[in-house]
Amino acid sequence: EPEVTQTPSHQVTQMGQEVILRCVPISNHLYFYWYRQILGQKVEFLVSFYNNEISEKSEIFDDQFSVERPDGSNFTLKIRSTKLEDSAMYFCASTLGRTTSYEQYFGPGTRLTVT
Amino acid sequence: AQTVTQSQPEMSVQEAETVTLSCTYDTSESDYYLFWYKQPPSRQMILVIRQEAYKQQNATENRFSVNFQKAAKSFSLKISDSQRGDAAMYFCAYRSETSDDKIIFGKGTRLHILP
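Residues numbered from 1 in each chain as written. Chains lettered and ligands numbered in written order. Predicted model: local features only at pLDDT ≥ 70, side-chain atom pairs only at ≥ 80, totals over all residues. Heavy atoms only, no water.

Visitor: Would you take a moment to explain the overall build of chain B for this structure?
Guide: Within chain B one finds 0 helices and 12 strands. For chain B, the α and β elements follow one another from N to C terminus as β-β-β-β-β-β-β-β-β-β-β-β. The C-alpha atoms of chain B give a radius of gyration of 14 Å, which matches the 13 Å a tight globule of 115 residues would have. Counting across all 115 residues of chain B, residues that qualify as buried make up 51%. Taking contacts inside chain B between residues at least 6 apart in sequence as the whole, the part at least 24 apart equals 56%. Carbon and sulfur atoms provide 44% of the accessible area of chain B, an area that totals close to 5600 Å². Side-chain charges of chain B comprise 13 positive and 13 negative groups, with the mean position of each set lying 3 Å from the other. (Helix = DSSP H or I, 4+ residues; strand = E, 2+ residues; numbered from the N terminus. Rg over C-alpha atoms; globule rule 2.2 N^0.38 Å. Buried < 20%, exposed > 50% of the residue type's maximum accessible area, 1.4 Å probe, protein only. Contact = heavy atoms within 4.5 Å. Areas by Shrake-Rupley, 256 points an atom, 1.4 Å probe, with all protein chains shown as cover. Lys, Arg positive; Asp, Glu negative; His and termini not counted. Charge placed at Lys NZ, Arg CZ, Asp CG, Glu CD.)

Here it is, written out as C-alpha cells:
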C-alpha cells in the first residue's frame, strides 16, 4: 500500500541554522500538508499546499518557514533560522482531494531537535 | 475556533478486555467530521474510524466503535477485545465540512496493552 515517507527520522540542529525536512507524498495525491507536535502538546496545523502554492497557513507559519515542491515528488518544509521552540515532531500529510471524503495520509514524522 | 480535548494522557487495558478513550470538542459549526487516528511507535498515523456529524448512528469498524453525542460534543472510542497491536497513541480529531481542510487534533492518549 502506498505510504507517505519522511526523511530524516530525527534531525538535530543548532539554533540559528537552516533545516529542511523532506516528505515524499503518495504519488497521485494533489494536496499536501505540514503539521507539528511539540512534545506533550497537540498536533497543530502549519500549512496546506496545492498547485504549487500555499492554500492556507496557520499563525505559526511565519516568515521563517517556507514550503516547496521542487521536483514533483518531494515536498519540503524549510525553517530558515531555527529557534529552540521549533523543536517538535513534524508530520507531512497528503490527500487526493480537498473535501472530507478524502482521507489525509500521514507520514511517520521527523523529530527536530534544536540545541 | 474549534478545539479538541483528550483528558486521558495514558490508559492501560488488559488483553482481550474493552477500553474507552474519551474526547470532547468545541465548535459552533453544524457540519463537521470527527476522527480517531492511531499512531504506533515510530510509525505513520493512520485513520481508525470517522464519524460524520449529520449521522446519528455511531460508526463502527470491526473492534472499534464510537459513542458520538453531538449535543454534549463528546466523541469516545471503544476498543473491544484489545490486542497487543492496539498499543499506540490515539488522537481524536476534528475537521470542518465547509470551511477548510485542516485537521484539528487533541493531545492524544497513549494506550498500553497489559498481558
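Structure shown, so let's carry the discussion forward.
Visitor: What is the right way to read the pairing of strand 9 (residues 74–79) of chain B from this model?
Guide: Walk down a regular strand and you will see the side chains alternate between the two sheet faces. All names here are of chain B. Within strand 9, 5 of the 6 residues are buried, which leaves the element mostly enclosed by the surrounding structure. The pairing of strand 3 (residues 19–21) with strand 9 spans 3 bridges and is antiparallel. Bridge pairing links L21 to L77 in strand 9. In this antiparallel pair of consecutive strands, strand 8 (residues 64–69) and strand 9, the connection spans 4 residues, and K73 shows a positive phi of 55 degrees. (Pairing = 2+ DSSP bridges.)

Visitor: Help me understand the interface of chain B and chain A, please; the structure alone is not making it clear to me.
Guide: It is common to report an interface's size as the accessible area lost on association of the parts. Listed as interface residues are 21 residues of chain B and, on the opposing side, 23 residues of chain A. Between chain B and chain A, the buried area comes to about 2000 Å², and carbon and sulfur atoms account for 47% of it. When the area that chain B buries against chain A is broken down by residue, the three leading residues are B:Q44, B:D101 and B:K107, summing to 30%. Taken together, the links from chain B to chain A amount to 1 salt bridge. Elements supplying a minimum of two residues to the side of chain B that touches chain A: strand 5 (32–39), strand 6 (46–52) and strand 10 (88–96) of chain B. Residue composition of the side of chain B that touches chain A, grouped by class: 8 nonpolar, 5 polar and 8 charged. (Buried area = accessible area lost by both parts, 1.4 Å probe. Salt bridge = Lys/Arg side-chain N within 4 Å of Asp/Glu carboxyl O. Nonpolar A, V, L, I, M, F, W, Y, C, P; charged D, E, K, R; others polar.)

Visitor: What is the right way to look at a nonpolar patch on the surface in this model?
Guide: A contiguous nonpolar patch, built from A:L30, A:Y50, A:L96 and A:Y102 and spanning about 340 Å² of accessible area, is present on the exposed surface. Examined against the element boundaries, A:L30 turns out to sit in the loop between strand 3 (19–24) and strand 4 (31–37). (Patch = residues over 30% accessible without salt bridge, like charges linked within 9 Å, V, L, I, M, F, W, Y side chains within 5 Å.)

Visitor: I would appreciate a short explanation of the state of the cysteines in the present structure.
Guide: Two cysteines joined by a covalent bond between their sulfur atoms form a disulfide. Residue and element names in this part refer to chain A. The full count for this structure, using the stated rule, is 2 disulfides over all chains. Residue C23 pairs covalently with C92 via a disulfide, S to S 1.9 Å. Here the disulfide of C23 and C92 is left-handed, its torsion about the S-S bond being about -65 degrees. One end of the pair, C23, is in strand 3; the other, C92, is in strand 9 (residues 88–95), and 69 residues separate them in sequence. According to the relative accessible area criterion, C23 is buried, its value standing at 1%. You can call C92 buried: its relative accessible area is 0%. (Disulfide = S-S within 2.5 Å.)

Visitor: Sorry if this is basic, but what is going on with the pattern of salt bridges here?
Guide: Pairing between side chains of opposite charge can happen when their charged atoms approach one another. Per the counting criterion, the structure on display carries 5 salt bridges over all chains. Residues B:K102 and A:E56 are paired through a salt bridge, measuring 3.1 Å at the closest nitrogen-oxygen approach. Here the residue B:K102 occupies a position in the loop between strand 10 and strand 11 (104–105), and A:E56 occupies one in strand 6 (residues 53–57), the pair thus bridging two chains. Comparing B:K102 with A:E56 shows no difference in burial state: the two are buried.

Visitor: How should I be thinking about the sheet that holds strand 8 (residues 75–79) of chain A in this particular structure?
Guide: All names here are of chain A. What the 4 strands build is an open sheet, ordered 1-3-8-7; its pairing is antiparallel. Only two strands of the sheet have a single neighbouring strand rather than two, namely strand 1 (5–7) and strand 7 (65–68). Sheet twist, expressed as the average angle between the axes of neighbouring strands with direction ignored, equals 20 degrees. In this structure, strand 1 lies alongside strand 3, joined through 3 bridges in antiparallel fashion. By the bridge assignment for strand 3, Q6 is matched with C23. (Axes fitted to C-alpha atoms, helices over the stretch in contact; angles between N-to-C directions.)

The quantities given are spatial measurements derived from coordinates; they are silent on function.
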